[in-house]
Amino acid sequence: MSGTLVELVNVGKRFANGTLALDGFTGTIGASEFVALLGPSGCGKSTVLRLIAGLTSPSHGSVHRAWDGERKAKRRAAPPVGCVFQEPTLMPWASVWNNVYLPRRLQGMCRRDAAGEVDEALARVGLSGFANAFPRELSGGMKMRASIARALVTRPQLLLLDEPFAALDEITRSRLNDDVLALWREHRWSALFITHSVFEAVYLSTRVLVMSPRPGRVVDEIAVDLAEPRMAATRTSSRYVELCGRVSQALERAAADAAEVSHV
Amino acid sequence: MSEDVGGDDRRRHGRLSAWLQWLAPIAVGAVLLGAWEWLVRAYDIPKYMLPSPSDICEKFSAETHALGQAWWVTMQTMLLALAAAVVLGVAAAALFASSRLVSVSLFPYAIVLQVTPLVAVAPFIVLWIGWERLWLTQAVCAWIVAFFPILSNTVIGLDSADRGLRDLFQLYGATRWQRLRWLLAPSALPYFLAGLRISANLALVGAIVAEFVIGPQADRQGLATVILVSQLSQDAPMMFAALALVSLTGIVTYFGVHGLSYMLLRRWHETGRKE
Ligand SMILES: Nc1ncnc2c1ncn2[C@@H]1O[C@H](COP(=O)(O)OP(=O)(O)OP(=O)(O)O)[C@@H](O)[C@H]1O
Ligand SMILES: [Mg+2]
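Since the model is a prediction, treat every value here as computed from it, not as a measurement.

Participant: I tried to follow the overall build of chain B on my own but got confused; where do I start?
Facilitator: A tally of helices and strands in chain B yields ten helices and zero strands. In sequence order, chain B lays out its α and β elements as α-α-α-α-α-α-α-α-α-α. The globule rule puts the C-alpha radius of gyration for 275 residues at 19 Å, and the 24 Å found for chain B is more than 25% above it. Along the first, second and third principal axes, the C-alpha set of chain B runs to 75 × 75 × 25 Å. Burial analysis of chain B (275 residues in total) assigns 39% to the buried set. Per element, the accessible surface of chain B, about 16000 Å² overall, is 68% carbon and sulfur. When the 20 positive and 18 negative side-chain charges of chain B are each reduced to one mean point, those points stand 11 Å apart.

Structural data, given as C-alpha cells:
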C-alpha cells in the first residue's frame, strides 16, 4: 500500500442521547483501495462515514486524514472527498447540471470555469442528455447517477458511498455496480463503500471490513483477490462464491458473539 | 387510435376541469347576483336597505373617478405595508435562522405584534408618528397585521432544509452566506409564498381598518372613507360599490400571488405539480 488516506484508531462515538454507536473502531483506507464496510443495520456504518467526512467528531480515539494538513494551510481548498449518501440528496429546485455544479460553486468557481468538469462528470455517469432536467423528472437510478456525478466533479481522492443503491431494484443495482467499478478502474480514486449486502461488498471491493452489531467495531478483515476486470462472469466464479461464504460466516460470527455478550 | 384513447381522455378531462376552475365560480357569482336582483325587485326593497346589483353598477359608472381614486389610495397603503412586511419579515427570519439565541429571545415579541388588536393601538401610532404623516400611520397599522404570517412561515421554511443537503453543504465547506443563498432560501421559498398569500390580503384589510380607526381625512381618502361617508349620507349603493371593489381587489390579489407561486415553483415543488 503506497499511502494511507484515512486511518481511524480505536474510535468511539457516543451521541448526545447516550447511544454508543461505535466502540474501538480501527481501520484504514489506503490509496487506490476499494474498501467495503459491511455490517448489520444500525451498527454505526453511517457514523463511520460521517466521521471520515468530518461531519461529526469522535468521542474517543482519533481520525487521521491525509489531507487535514493541506486544508488547514489553504482554508477554502477543496476537500478531496466526494460523498454519495443513501438518498440521492439532490436539490429539487435546481437542474441536474446545477446540482452537479454545486461543489464547485461552493468553492467559488464560476460557471464557465466549471463547465468542462460538470459536463465531463455528467458524461461519465451517462446523464449528458439530462443536464437541464429537474430531479423529479428522473428515475431513482438516474438520481443516484446524478448524485455520483456530483461526488466525482471535484475529482476526489476518496469517494465515500453510503448504501447508495440500497433502494434500487436488482437489475439497476448491478448495472450501477458495474458503472462504479468501471469508473474506479479508470480513475483509481479510493473508495469506502458501505453496504449490508455480502454479494455487493465482495463483487466491488479489494478488501471487506466486517463490523459487529452496535456498538460497532471491525471484527474481521477479508482481502478480496478476484481477477480484474470484474464482470458478470465473476459472480459465478468459484473464488467469488468462496469469498462470499467467508464474509457471510464472519458476519454471522460477529452477530453470534454479540448475542452471547448481551446474554451474559 | 384505440391505444391513444386513454391518454386523450385524460387530457380532455384535464382541460375540462381547467375550464371549470374558471367557469364554476363565475357561474356561482352570476346566479347569486341574479337572485339578488330578483329579490330586490320582487319585494320592492328600498335602496337604502339593500341596493340591487344594477343600482351598484350604475353607481360604479357614475362615480368611477372618485372610486378609482379612493381605491388607488388604499392600494398604496396596502402595497407599502406589504412591501415592508416582505422585506422586514424575510430579514427578521434570516436573522432568526442565523442564531438560535436571537430566535428564542425575539420570537415571543413577534407574536405580541400579531395578537395586539389594531383598533386599540392605532390611535397611539397616530400620536407617535404624528398627524402630518397619516399615510405612514396607516401603512404601519397595515404592516402590523401583514408582518407575522411572512415572518413565521419564512422561519419554518428556513428550518425545513433537508438534513442530507445540510451535510453536503458542510462537507464542501460552504460559508454562511452560501448556505443561506443556495440552500436555506430555496427551501424556504414555498413556505414564504404561502405566507405571502395570507399577508397580501391581511395588508388590504389592515389598510382599510386603519383608515376606519384614524377617521376620514381631507387630503387622502381611501375606500374606508368612501364607506364611512356613504354610510353617513345613507348612500347605500356607493357603499356597496366600495365593498365590491375591496372584494375584487382581494380576489385578484389572492390569485395574483397564487400565479406567482405557480410560476416560481412549478418545475420542482409539489404544489406546482399539475397531474
Ligand atoms: N444523531 C444521532 N443521535 C443519536 N443516535 C444516533 C444518531 N445517529 C445515529 N444514531 C444511532 O447510532 C447507531 C448507528 O447509526 P448509523 O446510522 O451509523 O447506523 P448504520 O450502520 O448506518 O445503519 P443502517 O444500515 O440502518 O444505515 C444507531 O443505533 C442510531 O440509532
Ligand atoms: Mg446508514
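Participant: Is there a simple way to think about the site of ligand 1 in this case?
Facilitator: Residues and elements named next belong to chain A. Not every one of the 14 residues close to ligand 1 is listed here, only the nearest: Ser41, Gly42, Lys45, Ser46 and Thr47. Cys43 has a polar backbone atom sitting 3.2 Å from an oxygen atom of ligand 1. At a separation of 2.9 Å, an oxygen atom of ligand 1 approaches a polar side-chain atom of Glu163. Coverage of ligand 1 by the protein amounts to 64% of the 640 Å² it exposes when considered alone. Broken down by element, the residue count for the shell around ligand 1 peaks at three residues, all from helix 1 (residues 45-53). A class-by-class count of the residues in the shell around ligand 1 yields three nonpolar, eight polar and three charged.

Participant: What am I meant to see in the domain arrangement of chain B here?
Facilitator: A common measure of how large an interface is: the accessible area buried when the components associate. All names here are of chain B. According to the domain assignment, chain B contains domain 1 (1-44) and domain 2 (52-274). For domain 1 and domain 2, the distance between their C-alpha centres works out to 31 Å. Taken residue by residue, the interface counts five residues in domain 1 and five residues in domain 2. It is Trp36, Glu37 and Val40 in domain 1 that bury the most area against domain 2; as a group they hold 79% of the surface buried on that side.

Participant: I would appreciate a short explanation of the confidence of the model for chain B in the present structure.
Facilitator: Detailed conclusions should not be drawn from predicted coordinates in areas where pLDDT is low. Residue and element names in this part refer to chain B. Per-chain confidence: chain B averages 87 in pLDDT, with 92% of residues scoring 70 or above. Here residues 1-11 scores under 50 on pLDDT; set against residues more than four positions off or in separate chains, the count is zero contacts. Across the assembled chains, the prediction reports ipTM 0.89 with pTM 0.86.

Participant: Hey, could you run me through the packing of helix 2 (residues 53-62) of chain B against helix 10 (residues 236-265) of chain B in this one?
Facilitator: For any two helices packed against each other, the geometry is given by the interaxial angle and the distance between the axes. Residues and elements named next belong to chain B. The contact between helix 2 and helix 10 brings their axes to 8 Å, and the two run at 80°. By the angle between their directions, the pair helix 2 and helix 10 is classed as roughly perpendicular. Only Pro237, Met238, Phe240, Ala241, Ala244 and Leu245 of helix 10 make contact with helix 2, whose side of the interface consists of Asp55, Ile56, Lys59 and Phe60. Residue composition of the contact of helix 2 with helix 10, by class: eight nonpolar, no polar and two charged.

Participant: How should helix 5 (residues 140-152) of chain A be read in this particular structure?
Facilitator: Each α-helix winds once per 3.6 residues, and so residues spaced three or four apart point in a common direction. Taking 1.5 Å as the rise per residue, helix 5 of chain A with 13 residues should run 18 Å; its terminal C-alpha atoms sit 19 Å apart, in good agreement. Counting buried residues along helix 5 of chain A, eleven of its 13 residues qualify, which places the element largely inside the surrounding structure. Residues of helix 5 of chain A that are buried include every one of Gly141, Met142, Met144, Arg145, Ala146, Ser147, Ile148, Ala149, Arg150, Ala151 and Leu152 of chain A, and no others. For helix 5 of chain A, the secondary structure elements touched by its buried residues are strand 5 (81-84), helix 3 (96-106), helix 4 (111-124), strand 6 (158-162) and helix 6 (170-187) of chain A together with helix 7 (163-171) of chain B.

Participant: Whenever I open this one, the sheet that holds strand 4 (residues 60-65) of chain A confuses me. Can you help?
Facilitator: Backbone-to-backbone hydrogen bonds join strands into a sheet, with any given pair of strands oriented parallel or antiparallel. All names here are of chain A. Spatially, 2-1-4 is the arrangement adopted by the three strands of the open sheet, whose pairing is antiparallel. Both edges of this open sheet fall to strand 2 (20-30) and strand 4, since each of them pairs with a single strand only. Averaged over all adjacent pairs, the angle separating strand axes in this sheet is 15°, with direction ignored. Of the strand pairs in this sheet, strand 1 (residues 4-14) and strand 4 are connected by five bridges, and their pairing is antiparallel. Directly across from Leu8, in strand 4, lies its bridge partner Val63.

Participant: Mind showing me how you'd approach the nonpolar core here?
Facilitator: Here is a general trend for soluble globular proteins: nonpolar side chains tend to be buried in one another's company. Membership of the largest hydrophobic core comes to 92 residues, with the highest contact counts inside it found for Leu8, Phe25, Ile52 and Leu160 of chain A. Top element by residues in this core is helix 8 (residues 176-214) of chain B. It accounts for twelve residues. Not counting residues within four places of it along the chain, the set of residues in contact with Phe25 of chain A comprises Leu8, Val9, Asn10, Val11, Leu37, Val48, Met211, Gly216, Arg217 and Val218 of chain A. Val118, Leu127, Ala146 and Leu183 of chain A belong to the second-largest nonpolar core, a separate cluster that totals 53 residues.

Participant: I would appreciate a short explanation of the state of the cysteines in the present structure.
Facilitator: By definition, a disulfide links two cysteine residues through a covalent bond between their sulfur atoms. Residue and element names in this part refer to chain A. Applying the stated criterion to the full structure yields zero disulfides over all chains. This cysteine, Cys43, is not joined by any disulfide, and Cys83 carries the nearest cysteine sulfur, 17 Å off. Taking the relative accessible area as the measure of exposure, Cys43 reaches 0% and is therefore buried.

Participant: Sorry, what's going on with unusual backbone geometry here?
Facilitator: A negative phi angle characterises most non-glycine residues, just as the trans form characterises most peptide bonds. Residue and element names in this part refer to chain A. The amide bond that connects Arg214 to the next residue, Pro215, takes the cis arrangement and shows omega of 0°. Tracing the sequence through the fold places Pro215 in the loop between strand 8 (207-211) and strand 9 (218-223). In this chain, Glu228 is followed by Pro229 through a cis amide linkage whose omega measures -10°. Mapped onto the elements, Pro229 comes out in the loop between strand 9 and helix 8 (238-263). Despite not being glycine, Ser32 shows a phi value in the positive range, around 65°. Its location among the elements puts Ser32 in the loop between strand 2 and strand 3 (34-38).

Participant: Sorry if this is basic, but what is going on with the domain arrangement of chain A here?
Facilitator: Residue and element names in this part refer to chain A. With domains assigned, chain A is organised as domain 1 (20-80 + 158-264) and domain 2 (89-155). Placing the centre of domain 1 and that of domain 2 at their C-alpha centroids yields a distance of 25 Å. Carbon and sulfur atoms make up 67% of the surface buried where domain 1 meets domain 2, a total of about 1100 Å² over both sides. If you look at where domain 1 meets domain 2, you find one salt bridge.

Participant: Looking at this model, I keep getting lost on the interface of chain B and chain A. Mind explaining?
Facilitator: Each side of the interface is counted separately: chain B has 23 residues, and chain A has 28 residues. A buried area of about 2300 Å², summed over both sides, lies between chain B and chain A, and 63% of it is on carbon and sulfur atoms. On the chain B side of the contact with chain A, Leu171, Tyr172 and Arg267 of chain B bury the most area, a combined 35% of that side's loss. Here chain B is connected to chain A by two salt bridges. Between Arg267 of chain B and Glu137 of chain A there is a salt bridge, with the nearest N and O atoms lying 3.4 Å from each other. Where chain B meets chain A, there are five residue pairs in polar contact (both at pLDDT 80 or more). Breaking the side of chain B that touches chain A down by element, the ones donating at least two residues are helix 7 and helix 8 of chain B. Grouping the amino acids of the side of chain B that touches chain A by side-chain chemistry returns ten nonpolar, seven polar and six charged.

Reading the values: rules and limits
- Residues numbered from 1 in each chain as written.
- Chains lettered and ligands numbered in written order.
- Predicted model: local features only at pLDDT ≥ 70, side-chain atom pairs only at ≥ 80, totals over all residues.
- Heavy atoms only, no water.
- Helix = DSSP H or I, 4+ residues; strand = E, 2+ residues; numbered from the N terminus.
- Rg over C-alpha atoms; globule rule 2.2 N^0.38 Å.
- Buried < 20%, exposed > 50% of the residue type's maximum accessible area, 1.4 Å probe, protein only.
- Areas by Shrake-Rupley, 256 points an atom, 1.4 Å probe, with all protein chains shown as cover.
- Lys, Arg positive; Asp, Glu negative; His and termini not counted.
- Charge placed at Lys NZ, Arg CZ, Asp CG, Glu CD.
- Near = heavy atom within 4 Å.
- Polar contact = N/O pair within 3.5 Å; in protein donor to acceptor, adjacent residues only side chain to side chain.
- Nonpolar A, V, L, I, M, F, W, Y, C, P; charged D, E, K, R; others polar.
- Domains from an automatic or database assignment.
- Contact = heavy atoms within 4.5 Å.
- Buried area = accessible area lost by both parts, 1.4 Å probe.
- pLDDT = per-residue confidence, 0-100.
- Axes fitted to C-alpha atoms, helices over the stretch in contact; angles between N-to-C directions.
- Parallel < 35°, antiparallel > 145°, perpendicular 65-115°, else oblique.
- Expected span 1.5 Å × (residues − 1).
- Pairing = 2+ DSSP bridges.
- Core = buried A, V, L, I, M, F, W, Y, C linked by side-chain atoms within 4.5 Å.
- Disulfide = S-S within 2.5 Å.
- Salt bridge = Lys/Arg side-chain N within 4 Å of Asp/Glu carboxyl O.

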